[in-house]
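Structural characterization, general
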Amino acid sequence: MAEAVARRGRSLVHADPAEVTLQDALDALADPVRRSILRELADEPDFTRACGTFDLPVSKATASHHFAVLRASGLLEQVDRGPRRFNRLRRAEFDARFPGLLALVLAEDARPS
């Protein structure tokens with residue numbers, strides 16, 4: 001079991017927000033599930049929220065995909081602690097690359113129009 005967790009942690013790839021294109025950022029932010037993840041993380045201290053604690057309207061596999069897209073776009077950093085994966089919103093790094101973009105997303109009213 002410990003070996004599997006260690007292998008899983010080594011597989012994490014985090015994009016440098018400075019190297020993310022605007023199109024990649026917009027693609028990541030286009031999905032409402034991903035935007036809801038970011039809004040929830042914005043109110044949490046770094047690395048205190050595990051992936052499994054989000055109440056998402058998708059399967060576990062689809063949720064994993066959404067977290068991977070956020071990681072690949074430089075919006076999210078994750079660390080493995082035991083069997084759980086914890087998240088941090090990379091606000092400062094993303095804001096340095098795309099000033100104001102994340103603020104617009106976080107301010108978005110989550111209710112459907």
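See the structure above.
Structural notes, computed from the coordinates. All residue numbers here refer to positions counted from 1 along the written sequence of the relevant chain. In keeping with the predicted nature of the model, local features appear solely for residues at pLDDT of at least 70, side-chain atom pairs appear and are counted solely at 80 or more, and the whole-chain, interface and lining totals rest on all residues. In computing side-chain values, all of the structure's heavy atoms are included and hydrogens and water are not.

**A word on the nonpolar core**
Formed by 24 residues in total, the largest nonpolar core has its most connected members in Ile37, Leu38, Leu75 and Phe94. Counting only elements with at least two residues in this core, the list comes to α2 (22-29), α3 (32-42), α4 (60-72) and α6 (101-107). Throughout, a contact is declared for two residues whenever any of their heavy atoms are within 4.5 Å. With residues near it in sequence (within four places) discarded, Leu75 still touches Ala28, Leu29, Leu38, Leu70, Arg88, Leu89, Arg90, Phe94 and Leu102. Among the buried residues, those of types Ala, Val, Leu, Ile, Met, Phe, Trp, Tyr and Cys that are joined through side-chain atoms within 4.5 Å form a nonpolar core. Throughout, exposure labels follow a simple rule: accessible area from a 1.4 Å probe, protein chains only, divided by the maximum for the residue type, with under 20% read as buried, over 50% as exposed, and the rest as partly exposed. Only DSSP runs of H or I with at least four residues qualify as helices, and only runs of E with at least two residues qualify as strands; both kinds are numbered from the N terminus onward.

**Details of the packing of aromatic side chains**
Put simply, two rings from Phe, Tyr or Trp (the six-membered ring, in Trp's case) pair if the centres are within 6.5 Å, and we call them stacked under 30 degrees between planes, edge-to-face over 60, tilted for the rest. With the rule as written, the count across this model stands at 2 aromatic pairs. Measuring from ring centre to ring centre gives 5.5 Å for Phe54 and Phe67, while their planes differ by 65 degrees; the resulting arrangement is edge-to-face. Of this pair, Phe54 sits in the loop between β1 (49-50) and α4 while Phe67 sits in helix α4, and the two are 13 residues apart along the sequence. Here Phe54 matches Phe67 in class, with each residue buried. An angle of 50 degrees between the planes, with centres 5.1 Å apart, marks the rings of Phe94 and Phe98 as tilted. Using a relative accessible area of 0% as the deciding quantity, one classes Phe94 as buried. Taking NZ or CZ as reference, Arg49 lies 4.1 Å from the ring centre of Phe54, over its face. Only lysine NZ and arginine CZ atoms are considered, and such an atom sits over a ring when it is within 6 Å of the ring centre and within 35 degrees of the ring normal.

**Describing α2**
Along α2, the positions that sit buried rather than exposed are Ala25, Ala28 and Leu29. Looking straight down α2, one finds that the buried residues subtend no more than 95 degrees of arc, so they occupy a single side. Residues of α2 that are buried sit in contact with α3, α4, α5 (91-97) and α6. Directions pointing from the helix axis toward each C-beta atom define the arc.

**Examining the pairing of strand β3 (residues 84-89)**
Counting buried residues in β3 gives 5 out of 6 residues, a clear majority hidden from the surface. In short, DSSP must find at least two bridges between two strands for them to pair. Sheet topology note: the β1/β3 ladder contains 2 bridges and is antiparallel. If you follow Arg49 over to β3, its bridge partner there is Asn87. Relative to β3, strand β2 (residues 76-81) runs antiparallel, the two being bridged by 6 bridges. Bridge pairing links Asp80 to Arg85 in β3.

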